[in-house]
Amino acid sequence: MKTTTIATTAAALALLAVNPNEAAAQFSGRWKTDFSNHTVPLDEISSGGPAKDGIPAIDHPRFETVQQADRWLNDREPVVLVNIGNVAKAYPLQILIWHEIVNDEVGDTPVSVTFCPLCNTALSFDRRFDGQVLDFGTTGRLRHSDLVMYDRQTETWWQQATGEGIIGKYAGRRLEFISSPLISWGTFKEQFSDGHVLSRETGHRRSYGQNPYAGYDNPRGRPFRRFFGAKVDKRLSAMERVVALELGEEVRAYPFSSLKKKRVVADKVAGRDIVVFWSPGTASALDNRNISRGRDVGSSGVFDRHLGDRLLSFESGADGQFQDKETKSTWNILGRAVAGPLTGQALTPIQHGNHFWFAWGVFKPNTKVVQ
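Heads up: these notes are all about the structure in this document.

Reading the values: the criteria
Residues numbered from 1 in each chain as written. Predicted model: local features only at pLDDT ≥ 70, side-chain atom pairs only at ≥ 80, totals over all residues. Heavy atoms only, no water. Pairing = 2+ DSSP bridges. Helix = DSSP H or I, 4+ residues; strand = E, 2+ residues; numbered from the N terminus. Axes fitted to C-alpha atoms, helices over the stretch in contact; angles between N-to-C directions. Buried < 20%, exposed > 50% of the residue type's maximum accessible area, 1.4 Å probe, protein only. Polar contact = N/O pair within 3.5 Å; in protein donor to acceptor, adjacent residues only side chain to side chain. Contact = heavy atoms within 4.5 Å.

Side note on the sheet that holds strand S21 (residues 299–304)
Each strand in a sheet pairs with another by means of backbone hydrogen bonds, the pair being arranged parallel or else antiparallel.
Inference 1: The strand order across the open sheet formed by three strands is S19-S20-S21, and the pairing between neighbours is antiparallel. Two strands in the sheet have a free side with no partner beyond their single neighbour: strand S19 (264–269) and S21. This sheet shows a mean twist of 20° between the axes of neighbouring strands, independent of strand direction.
Inference 2: Examined bridge by bridge, strand S20 (residues 272–279) and S21 share six bridges and lie antiparallel to one another. Within the sheet, the bridge partner assigned to Val275 lies in S21 and is Phe303.

Concerning the environment of Ala359
Inference 1: Examined against the element boundaries, Ala359 turns out to sit in helix H7 (residues 357–363).
Inference 2: Take Ala359: its relative accessible area is 1%, and that puts it in the buried class.
Inference 3: For the pair Ala359 and Leu286, spaced 73 residues apart in sequence, the C-alpha separation works out to 15 Å.

Describing the environment of Ala318
Inference 1: Relative to the elements of secondary structure, Ala318 occurs in the loop between strand S24 (314–316) and strand S25 (322–324).
Inference 2: Judged by relative accessible area, Ala318 falls into the exposed class, the value being 56%.
Inference 3: Along the primary structure Ala318 and Thr330 are separated by twelve residues, whereas in three dimensions their C-alpha atoms are 9.1 Å apart.

Points about the side chain of Ser279
Inference 1: As for its position among the elements, Ser279 is in strand S20.
Inference 2: Looking at Ser279, the relative accessible area reads 9%, which means it is buried.
Inference 3: A distance of 3.0 Å separates a polar side-chain atom of Ser279 from the backbone oxygen of Gly320.
Inference 4: Not counting chain neighbours up to four residues away, the residues in contact with Ser279 comprise Gly298, Ser299, Gly320, Phe322 and Ile333.

Describing the pairing of strand S5 (residues 101–106)
Inference 1: Burial analysis of S5 places five of its six residues in the buried class, the great majority of the element.
Inference 2: Pairing of S5 with strand S6 (residues 109–116) involves six bridges; the strand directions are antiparallel. Paired with Val106 across the two strands is Thr109, which belongs to S6.
Inference 3: Between the end of S5 and the start of S6, which pair antiparallel, lie two residues, with Gly107 showing a positive phi angle near 65°.

Put into structure tokens, the structure is as follows:
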């Protein structure tokens, strides 16, 4: 990120806690946000460098066919999958890394697909909220290294990692997550040959395919100190990837380093029997300068183990796939049976993310880590 100093710094925001009227005047003409209404300490928010909308969201996305996108996407490259009804769309991180937000519709559902590079949080939200459809932009601010978004209808500020409104009209409210696993392009094109792929024709000139954060994804590294002032939960390394999920009052993190060895983990969370899959073959978008050459970090899937009235048990199979013990059917990372008696059946996905541990741990300190 650029280190340019802009007027609205963390120090200016901190003034709001003392004199909201005086400090809010500094935002006149720039923000309509009610800065006196906030749920987090304002001095936790810092400038990321760019100004409001300095990182431009994609508001009018164009799409290509799988065949067209296959000319410029490598099989290992990570894409965000949003599959609603009969519509499947892929949002490549080589584009999202430069824009962070795509306001779109999948089928009849308005969605925002988001990616915070500093936290590795690829998350999607339903844009329908409080009787209206919101669209989102970037504030240019970070909290604990995570993207702070704003909606253009009320200019409420939202924490991307949690979907929570933190400043403004909807402070204390929460957006609804939409399941959007991070998978390889090879997996997407194999499963959704008639899918739609976000085009690099965005109206902006960017070095799509290049990683502006080269070397950031270092298992022995740390987040940028100027953006992350909190303490790292030392149960795991700061930059460990985790499968992060929250069901009811229970919060879990499953480290990729452990999943890489086990491939399958069964658990019970908030009374639900779940299974976590991990499969190799997906590159990190934050490692090599060329995203397609990033180290293999794999991808994950989380599902309810019930298929109708049957409770299935899973084990690792060949070629990065999985097998249930009850019918010996073969399943892929998307929770779909691709061979055996249950071919064509699909498990119910559970919304989750693949966060860096430091980012999940700071927002969810009550997390239970499952090794």
